[in-house]
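# Remarks on the overall topology
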Amino acid sequence: MLRLVLGRLAGGLVVLWAVATFSFFMLRAAPGGPFDEERAIPPEVKAHIEERYDLRAPAIEQYGRYLENLITLDFGHSMKRQQSVGEIIADHAPYSARLGLFALAIAITGGVLLGVIAAARHNRAADHVAMSISLIGISIPSFVLGPLLVLIFSLTLFWLPPARVGGFASYILPATTLGMIYMGTIARLTRAGMLETLRQDYIRTARAKGVSERAVVWRHGLRLGLLPVITYLGPATAALISGSFVVEKIFQVPGLGFYFVASITDRDYPVLTGVLVFYTAFLVALNLVVDIAYGMLDPRTRVT
Amino acid sequence: MTPAPGRLALVILVAGCGLPDTEYFGKVPEVTDPGHLRYCNSGEPEGIDPATVSSTTAMKPVYLLFDGLTDYDENGLPEPSLATHWEVSDDVRTFTFHLHDRGRWSNGRPITAWDVRYQVMRVLHPTTASVNADGLSELRNATLYNGGAVRIVQRDGAGLRAGDVVEVTAVDGRALQAWRDAGDAWPDSNARRGSKPLALRDLGADEALAYARVPANADVTIIERRDGWGYVYWNRGDGVYGWVPWTELDVEPHAAARYTIKPVDGGGAEVEVAATDLLMLPEALGVRVPDDQTIVFETTNPTPWFVSLTDNRTLRPTPREAVSRSPRRWTDVDTIVTSGPMHLVAWRQRDAMELVRSPTFWNQDEVKLDRITILAVDGQSAAANLYFTGACDALTANHLPASYTRPLAARYKDFHVEPWLGVYFAMLQTETFPNRHFRRALAYAVDRTQIPKFLHGGQFPTAQYMPGTPISQLDDAELALCGVTRDTPGVVSLMVTGELCYVPPPGLDFDPTKAREELALARAEGGVPSSFVYKFNQGSETHKLVAEYLQAQWQAVLGLDVELEIQEWKTFLSDTKNGQFEAARFGWIGNFPDAEAEFLPMFRCDSPNNRMQWCRPEYEALLDAAKPIRDRQARLAKIRAAEAMMIEDAPIIPLYVYTQVHMQKPYVRDLHLNLIDQPPLHEAWLDPDWRQD
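Cut-offs and rules
- Residues numbered from 1 in each chain as written.
- Chains lettered and ligands numbered in written order.
- Predicted model: local features only at pLDDT ≥ 70, side-chain atom pairs only at ≥ 80, totals over all residues.
- Heavy atoms only, no water.
- Pairing = 2+ DSSP bridges.
- Helix = DSSP H or I, 4+ residues; strand = E, 2+ residues; numbered from the N terminus.
- Axes fitted to C-alpha atoms, helices over the stretch in contact; angles between N-to-C directions.
- Contact = heavy atoms within 4.5 Å.
- Buried area = accessible area lost by both parts, 1.4 Å probe.
- Salt bridge = Lys/Arg side-chain N within 4 Å of Asp/Glu carboxyl O.
- Polar contact = N/O pair within 3.5 Å; in protein donor to acceptor, adjacent residues only side chain to side chain.
- Buried < 20%, exposed > 50% of the residue type's maximum accessible area, 1.4 Å probe, protein only.
- Patch = residues over 30% accessible without salt bridge, like charges linked within 9 Å, V, L, I, M, F, W, Y side chains within 5 Å.
- Areas by Shrake-Rupley, 256 points an atom, 1.4 Å probe, with all protein chains shown as cover.
- Core = buried A, V, L, I, M, F, W, Y, C linked by side-chain atoms within 4.5 Å.
- Phe/Tyr/Trp six-rings, centres within 6.5 Å; stacked < 30°, edge-to-face > 60°.
- Parallel < 35°, antiparallel > 145°, perpendicular 65-115°, else oblique.
- Left-handed = near helix turned anticlockwise from the far one by under 90°.
- Nonpolar A, V, L, I, M, F, W, Y, C, P; charged D, E, K, R; others polar.
- pLDDT = per-residue confidence, 0-100.
- 1 Å grid on protein atoms, 1.4 Å probe; cavity = no way out; pocket = protein on both sides within 12 Å on 5 of 7 lines; lining within 4 Å.
- Points joined across faces, edges and corners; volume = space filled by probe spheres on them.
- Disulfide = S-S within 2.5 Å.
- Right-handed = clockwise from strand over helix to strand, strands pointing away.

### Remarks on the sheet that holds strand β5 (residues 94-99) of chain B
Residue and element names in this part refer to chain B.
- Across the sheet, four strands lie side by side as β4-β5-β19-β18; this open sheet has antiparallel pairing. A single partner strand is all that each edge strand has here, and the edge strands are β4 (83-88) and β18 (287-291). Between one strand and the next, the sheet's axes are offset by a mean angle of 20 degrees, whatever the strand orientation.
- Pairing of β18 with strand β19 (residues 294-298), which is carried by three bridges, proceeds in the antiparallel orientation. When the sheet's bridge partners are listed, Arg288 is paired in β19 with Val296.

Structure (structure tokens):
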């Protein structure tokens with residue numbers, strides 16, 4: 001187990017380095033820079049500004065310094081905002097995390113419930129209803145679902161705020177919008193996993209021993225049936241928690257998702273590399289957690 | 001940035017359910033707190049430090065938090081604020097402002113002329129690296145100071161006298177430009193070290209009150225010298241500034257450097273002196289403080305618009321005691337010191353700023369509100385939704401999705417359209433299209449009057465360049481001032497209320513016959529391409545609609561094939577700047593209504609904004625000829641001739657004057673919108689009894 005963890009960590013570092021390097025050079029290759037606006041700044045003034053942000057040295061030197069700082073977890077300073085990249089992540093990641101966790105709770109509860117019902121009532125009406133709901137969740141994009149929910153619950157009924165987050169109520173619409181797609185996928189994965197599991201010999205044994213159907217499904221079946229869901233949960237959690245640009249934009253959630261897009265349009269180099277490295281680190285870490293969880297749920301996959 | 005997600009709500013609203021059949025768009029909540037305005041701003045500002053910010057988004061909080069010598073009046077023109085009155089010298093090069101003594105910082109310290117001078121120095125000093133430095137370029141020696149290339153002679157010798165202001169041309173035998181091109185820093189005559197640690201503090205403060213300590217033998221840069229004290233910058237982390245006794249700055253790291261200098265007035269030969277004989281100090285700038293209540297600005301050329309610079313953020317003073325301690329973060333809630341009608345008490349990034357009435361502001365009568373919440377709503381649909389549900393009382397200008405304007409304009413009483421000091425135009429790359437007749441043909445071929453019919457934002461079609469107020473909207477006094485009759489087409493620029501009016505020359509307005517004649521002339525000279533590409537940027541539906549319209553017009557009138565190309569914003573800026581386009585859209589928004597200062601310099605050959613690469617020495621000669629003229633009418637005549645020359649040559653094809661589309665709930669009173677989108681928000685108030693009118 002330790003070897004697995006160490007191996008994955010080493011691999012993760014390589015991935016982080018690759019992401020940092022790739023994003024560093026890709027964004028700099030894009031035309032225009034952070035200080036190009038409609039009203040051009042005189043070259044004198046621009047020189048001072050570029051000096052301050054270390055944009056005048058050759059790219060390879062900038063890259064060297066950037067990596068050096070990265071090792072000490074210094075992501076640099078935003079070129080368009082007052083904050084450092086570290087502060088941006090510290091200030092805005094919690095909004096994304098809250099929204100993401102809320103959405104995840106909706107996705108897992110709803111998804112597992114629908115999936116189990118569908119599997120237990122295989123090819124019956126309940127199965128079709130559950131799978132239709134999940135299909136709707138997967139197929140309606142959030143930029144359609146979000147405004148639709150706003151239209152109904154905010155602009156017509158005036159029950160929930162259309163944008164901005166604060167209290168619990170304000171998270172309901174964005175979390176539902178964000179969670180629906182994942183709920184649909186989780187429902188399908190759960191159903192498939194359960195169907196597969198329920199055909200296994202040990203389930204037949206359990207049934208033969210007279211275990212109640214409820215216990216068969218929820219206690220014996222679910223444990224193994226959830227394995228594909230667990231695999232999916234790693235990247236899904238990373239994606240949900242690190243922020244969705246679209247949902248955050250619709251509902252004006254001041255999360256991290258905004259910076260993935262804004263830093264590209266602004267050519268804010270340190271912010272883009274910073275949030276990408278942060279997101280990658282998160283993804284690597286969660287995948288590791290998934291691997292460990294796998295081992296716990298199914299002893300056969302344990303690597304010694 | 002695409003505002004597409006979320007626009008759907010309206011589409012459904014319009015198509016499916018129909019817009020609510022009310023007088024106003026959405027809910028009009030009861031006014032529970034008449035002293036609290038909730039303003040939906042267009043996103044999070046890049047900062048609120050007047051010296052360094054430049055976006056219109058940032059100006060809303062900046063002008064509430066910081067006072068200026070003058071402030072914007074209802075028309076967007078300067079009115080007295082910290083200054084009670086001012087005098088302009090006969091040669092229009094010296095501007096003397098008199099301050100009253102009631103101005104206070106939020107920490108209680110009086111605001112004096114020294115604070116204004118500090119702001120000038122701060123904006124221009126290279127260590128600030130401010131994008132606003134350009135705004136003060138008319139000030140004497142400002143450009144040299146900003147480039148670190150001006151010095152004051154410290155002792156007599158080599159034909160120079162102590163106090164002379166000189167320009168540095170080379171250091172150690174290498175021209176400044178060569179140092180810059182190589183990306184190297186030349187040995188600075190202002191660098192110092194302390195043989196003992198330096199305790200940075202406020203001017204005259206005790207050493208025990210120091211807020212930063214510079215270790216012995218670390219480099220600092222001298223910024224200012226006063227009463228036996230030196231104000232220095234220590235470049236560590238975000239940087240820190242502070243005063244130390246002058247004698248403690250006892251080590252000169254670049255004492256051996258040799259400076260080649262010449263007098264700033266241009267005359268006189270170059271001489272070489274030791275770095276130790278020179279210092280860059282703010283006294284080199286054209287700004288003087290004869291006493292605490294008086295500040296004098298001096299410009300290189302007659303600058304009739306100088307007063308218009310004093311309401312702008314660039315000249316709004318910032319508090320030295322706060323900036324020095326934390327140059328980049330002093331505007332945080334716990335450290336900010338303000339001078340305006342409002343003070344900052346809470347700031348949640350990308351969500352909201354809370355401003356409350358500042359008890360130290362000198363003009364309390366003017367402030368009608370106790371609290372202003374500025375919501376940072378970057379999504380246009382989200383902004384419209386918040387307004388609809390009554391979560392904000394007013395929506396900043398042009399922050400509605402483009403598709404909303406048409407259905408809303410016709411229906412709701414809280415939808416308003418005002419002119420804006422900006423012009424939308426198509427520009428032509430004159431090196432690709434050197435043929436004047438071809439460019440003129442393109443200009444004559446566009447019927448501008450159709451544009452507002454498909455954009456629905458109340459745009460005022462124009463073939464003129466300098467934007468302004470449509471002549472049809474002027475009152476009789478203004479008509480007389482401008483010397484036009486009501487049925488004259490076009491716009492005028494009202495520059496000083498009741499005093500000065502500029503009538504821009506007419507442009508090449510729609511005339512298909514002339515268009516075809518010009519095309520024939522161009523064809524005879526071989527200057528007509530078989531097809532060309534018109535570029536526009538993403539981000540607004542408007543650009544696409546205009547592009548398609550131009551394409552259709554040029555096809556219908558001239559039979560030309562035009563291809564359209566859409567580009568991402570920064571790529572578009574970069575391509576057009578490098579001349580990599582044939583035709584493209586652009587827009588220009590002015591800070592104040594003065595063609596000479598704000599709209600015509602971009603057509604100079606070496607202007608970084610001259611994307612058209614149009615270069616006419618005769619045009620520059622006219623602008624230069626205007627520079628020394630003191631009489632404003634005579635000066636405007638030259639300016640008008642220059643603008644006419646440009647517009648006749650058609651490097652650009654003006655299409656319409658921008659408008660500000662905005663919404664405010666019916667109970668919001670006295671929220672005056674002006675030509676430059678700087679409403680004095682603190683003068684607004686909320687009327688709980690609005691229904692009784």
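### Section: the interface of chain B and chain A
- Contacts between chain B and chain A engage 60 residues on the former and 51 residues on the latter.
- Between chain B and chain A the total buried area reaches about 5,100 Å² when both faces are included, carbon and sulfur atoms providing 56% of it.
- The salt bridge involving Glu568(B) is made with Arg267(A); its shortest N-O contact spans 2.8 Å.
- Applying the counting criterion to the chain B and chain A interface returns 14 residue pairs in polar contact (both at pLDDT 80 or more).

### Some remarks on the pattern of salt bridges
All names here are of chain B.
- With the rule as written, the count across this model stands at 49 salt bridges over all chains.
- Here Arg348 ties to Asp351 by a salt bridge, and the two come within 3.0 Å at their closest N and O atoms.
- With a shortest N-O distance of 3.6 Å, Lys544 and Glu548 are connected by a salt bridge. Of this pair, Lys544 and Glu548 both sit in helix α13 (residues 541-558), four residues apart, roughly one helical turn.
- Of the residues examined, Lys544 reaches a relative accessible area of 36% and is grouped as partly exposed.
- One connected set of salt bridges, linked through shared partners, spans Arg117, Glu224, Arg226, Glu283 and Arg320.

### A look at a nonpolar patch on the surface
- Residues Leu2(A), Leu6(A) and Leu9(A) make up a contiguous nonpolar surface patch of about 320 Å² in total accessible area.
- Along the polypeptide, Leu9(A) turns up in helix α1 (residues 2-29).

### A short note on the nonpolar core
Residues and elements named next belong to chain B.
- One finds Tyr259, Ile295, Phe297 and Tyr465 to be the most contacted residues of the largest nonpolar core, which totals 147 residues.
- At seven residues, the largest contribution of residues to this core is made by helix α3 (residues 113-124).
- When sequence neighbours within four positions are dropped, the list of residues in contact with Phe297 reads Leu69, Arg93, Thr94, Phe95, Phe97, Val116, Val120, Leu139, Gly286, Val287, Phe306 and Leu315.

### Notes on the packing of aromatic side chains
Residue and element names in this part refer to chain B.
- Tallying each qualifying case throughout the model produces 43 aromatic pairs over all chains.
- An angle of 65 degrees between the planes, with centres 6.3 Å apart, marks the rings of Tyr534 and Trp554 as edge-to-face. In this pair, Tyr534 sits in strand β29 (residues 531-537) while Trp554 sits in helix α13, placing the two residues 20 residues apart along the sequence.
- Residue Tyr534 is classed as buried on the basis of its relative accessible area, which comes to 0%.

### A short note on the packing of helix α4 (residues 85-120) of chain A against helix α13 (residues 269-297) of chain A
Residue and element names in this part refer to chain A.
- Between α4 and α13, whose axes approach to 9 Å, the crossing angle comes to 55 degrees. Judged on the interaxial angle alone, α13 and α4 are oblique. In the crossing of α4 with α13, the sense of the turn from one axis to the other is right-handed. Of α13, the residues touching α4 (which contributes Val85, Ile88, Ile89 and Ala93) are Pro270, Val271, Gly274, Val275 and Phe278.
- Split into classes, the residues belonging to the contact of α4 with α13 amount to eight nonpolar, one polar and no charged.

### Let's talk about the confidence of the model for chain B
Residue and element names in this part refer to chain B.
- Per-residue pLDDT for chain B averages 91, and the proportion of residues at 70 or more is 97%.
- Counting contacts from residues 10-17, a segment whose pLDDT is below 50, to residues more than four positions away or on other chains yields 12 contacts.
- Scored as a whole, the predicted complex attains pTM 0.88, and scored at its interfaces, ipTM 0.84.

### Side note on the side chain of Ser154(A)
- For Ser154(A), the location among the structural elements is in helix α6 (residues 142-156).
- If we ignore the near neighbours within four places in the chain, the residues touching Ser154(A) are Leu149(A), Leu160(A), Pro161(A), Pro162(A), Leu173(A) and Thr389(B).

### A few points about empty space enclosed by the protein
All names here are of chain B.
- Scanning the entire structure with this criterion turns up nine cavities of 30 Å³ or more.
- Looking at the largest cavity, its volume works out to about 100 Å³.
- Taken together, Met59, Lys60, Tyr63, Leu64, Asp71, Tyr72, Gln678, Pro679, Pro680, Leu681 and His682 make up the full set of residues lining the largest cavity.
- Elements with a minimum of two residues in the lining of the largest cavity: α2 (56-65) and β2 (70-72).
- The element that contributes the greatest number of residues to the lining of the largest cavity is α2, accounting for four residues.

### Observations concerning the sheet that holds strand β28 (residues 500-502) of chain B
Residue and element names in this part refer to chain B.
- One open sheet accounts for three strands, arranged β26-β27-β28; its pairing is antiparallel. With partners counted over all chains shown, the strands left at the sheet margins are β26 (469-470) and β28, one partner each.
- Bridge count for β26 against strand β27 (residues 491-496) is two bridges, and the pairing is antiparallel. Among the inter-strand pairings, Thr469 is bridged to a residue of β27, identified as Val492.
- With respect to the sheet, helix α17 (residues 632-649) is in contact with β27 and β28, its orientation differing from that of β28 by roughly 10 degrees.

### Considering the state of the cysteines
Residues and elements named next belong to chain B.
- Summed over the entire model, instances satisfying the criterion amount to three disulfides over all chains.
- For Cys40, the disulfide goes to Cys392, at an S-S distance of 2.5 Å. Between Cys40 and Cys392 the disulfide shows an S-S torsion of about -95 degrees. By sign, it is left-handed. Separated by 352 residues along the polypeptide, Cys40 in strand β1 (residues 36-41) and Cys392 in the loop between α7 (380-388) and β23 (394-395) bring together distant segments of the chain. Each of the two residues, Cys40 as well as Cys392, counts as buried.
- In this model, Cys482 is linked to Cys501 through a disulfide, with the two sulfur atoms separated by 2.0 Å.

### Looking at α7(B)
- Counting buried positions along α7(B) gives nine out of nine residues, so the element sits mostly inside the fold.
- One or two steps after α7(B), the chain reaches Gly390(B), where phi turns positive at roughly 85 degrees.

### Here's the deal with the pairing of strand β30 (residues 561-567) of chain B
Residues and elements named next belong to chain B.
- As defined by bridge partners, β29 adjoins β30 across seven bridges and the pair is classed as parallel. Residue pairing for β30: Tyr534 is matched across the bridge by Leu564.
- Taken together, β29, α13 and β30 constitute a β-α-β crossover, and its handedness is right-handed.

### Section: the packing of α6(A) against helix α7 (residues 168-198) of chain A
Residue and element names in this part refer to chain A.
- Viewed as axis vectors pointing N to C, α6 and α7 meet at an angle of 150 degrees, and their least axial separation amounts to 9 Å. Our classification of the angle between α6 and α7 gives roughly antiparallel. Considering how the two elements wind past one another, α6 and α7 form a crossing that is right-handed. For the pair formed by α6 and α7, the contact residues are Ser142, Leu145, Gly146, Leu149, Val150, Phe153 and Ser154 on the first element and Leu173, Thr176, Thr177 and Met180 on the second.
- Of the residues that constitute the contact of α6 with α7, the class distribution is six nonpolar, five polar and no charged.

### Details of the environment of Arg288(B)
Residue and element names in this part refer to chain B.
- Counting through the fold element by element, Arg288 comes out in strand β18.
- Residue classification places Arg288 among the partly exposed residues on the basis of a relative accessible area of 41%.
- Taking the C-alpha atoms as reference points, Arg288 and Arg117, separated by 171 residues in sequence, lie 7.5 Å from one another.
- In this structure, Arg288 is in contact with Thr294, Ile295, Val296 and Glu298, ignoring residues within four places of it in sequence.
- A distance of 2.9 Å separates a polar atom in the side chain of Arg288 from a polar atom in the side chain of Glu298.

### Structural notes on the pairing of β29(B)
All names here are of chain B.
- Within β29, five of the seven residues are buried, which leaves it mostly tucked inside the rest of the structure.
- Of the strand pairs in this sheet, β29 and strand β31 (residues 583-589) are connected by two bridges, and their pairing is parallel. Its bridge partner being in β31, Lys535 is matched across the sheet by Ala584.

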